[in-house]
Amino acid sequence: MGRYHKEERRKVLGEALSKHPFFTDEELSERFKVSVSTIRLDRSELGIPELRERTRAVAQEAYSTLKSLDDQELIGELLELIIGERACSRLVIDESMVLTKARVARGHYLFAQANSLAIALVDAPMALTGSVELKFIRPVQLGEVVIAKGTVVKRQLNKYWVQVTVNVNSEEVLRGNWILFALND
């Protein structure tokens, strides 16, 4: 990206952050070829909060769009939700979720996170899991942070095909394919 005059840079910066709110000031600094402090000043002038606040706002917006289940039924913390397209959630494996002797997460917690994320993607007041093809790849340890990402790969009438991958850091620990049914009441 080339050099911009201040007003033009601020306009493009505002557009970039409205489309992709998770850019860091450092990434924006490199992209616009200006200092980090210039980016912070530009954000301030545009009334755009820092990354932490933008992340919190996106998460709150994601929760407000939940349709097929309420926020207490979702396992994990919702990070992103675009109904009918994609979603992402985060779960920290705590003491209550692990097998006493093995100290690894009980499989039903990982399944519940992935299943509730798949259901959240359905554009209907209620959704049911029809079938799941699931593969556990490796055990998840106490204290690990699990990130689930779901994508709607196909939709036909009231039937959704959703793919979910679950990772710890960048390592895949579970993956599955869901067929879900949207119910209107």
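Nothing here was measured: the structure is a model prediction, and the numbers come from that model. (Residues numbered from 1 in each chain as written. Predicted model: local features only at pLDDT ≥ 70, side-chain atom pairs only at ≥ 80, totals over all residues. Heavy atoms only, no water.)

A. The arrangement of the overall build of the protein in detail. Helix and strand counts for the protein come out as 5 helices and 6 strands. In the protein, the succession of α and β elements from N to C terminus is α-α-α-α-β-β-α-β-β-β-β. Here the protein holds 185 residues, and the buried ones make up 36% of them. Taking contacts inside the protein between residues at least 6 apart in sequence as the whole, the part at least 24 apart equals 58%. For the protein, the computed accessible surface area is about 10700 Å², with 51% contributed by carbon and sulfur atoms. (Helix = DSSP H or I, 4+ residues; strand = E, 2+ residues; numbered from the N terminus. Buried < 20%, exposed > 50% of the residue type's maximum accessible area, 1.4 Å probe, protein only. Contact = heavy atoms within 4.5 Å. Areas by Shrake-Rupley, 256 points an atom, 1.4 Å probe, with all protein chains shown as cover.)

B. A look at the sheet that holds strand β2 (residues 86–92). Spatially, 6 strands are ordered β1-β2-β4-β5-β6-β3 in an open sheet, and the strand pairing comes out antiparallel. Every interior strand has two partners, whereas the edge strands, β1 (77–82) and β3 (126–136), have only one. Here the strands of the sheet are splayed against their neighbours by 20° on average, with no regard to which way each runs. Looking at chain direction, β3 and strand β6 (residues 171–183) are connected through 10 bridges and run antiparallel. Pairing of T129 across the sheet is with L180, part of β6. Helix α5 (residues 107–120) contacts β1, β2, β3, β4 (145–156), β5 (159–168) and β6 of the sheet and is inclined by roughly 45° relative to β6. (Pairing = 2+ DSSP bridges. Axes fitted to C-alpha atoms, helices over the stretch in contact; angles between N-to-C directions.)

C. Summary view of a nonpolar patch on the surface. Taken together, the side chains of V132, L134 and F136 define a hydrophobic patch exposed on the protein surface, amounting to about 220 Å² of accessible area. Counting through the fold element by element, L134 comes out in strand β3. With a relative accessible area of 30%, L134 lands in the partly exposed category. (Patch = residues over 30% accessible without salt bridge, like charges linked within 9 Å, V, L, I, M, F, W, Y side chains within 5 Å. Salt bridge = Lys/Arg side-chain N within 4 Å of Asp/Glu carboxyl O.)

D. Representation of the packing of helix α1 (residues 6–19) against helix α3 (residues 36–46). Between α1 and α3, whose axes approach to 10 Å, the crossing angle comes to 80°. Judged by the angle between their axes, α1 and α3 are roughly perpendicular. In this structure, α1 uses R9, R10, L13, G14 and L17 to contact α3, whose residues at the interface are T38, I39, L41, D42, R43, E45 and L46. The residue inventory of the contact of α1 with α3, partitioned by class, reads 5 nonpolar, 2 polar and 5 charged. (Parallel < 35°, antiparallel > 145°, perpendicular 65-115°, else oblique. Nonpolar A, V, L, I, M, F, W, Y, C, P; charged D, E, K, R; others polar.)

E. Spotlight on the pattern of salt bridges. Tallied over the full model, the rule gives 13 salt bridges. A salt bridge links R86 to E85, with the nearest nitrogen and oxygen atoms 3.6 Å apart. Judged by its relative accessible area of 39%, R86 falls in the partly exposed class. The exposure class assigned to E85 is partly exposed, which follows from its relative accessible area of 45%. With a shortest N-O distance of 2.3 Å, R175 and E172 are connected by a salt bridge. Through salt bridges with shared partners, a single ionic network connects D25, E26, R40 and R43.

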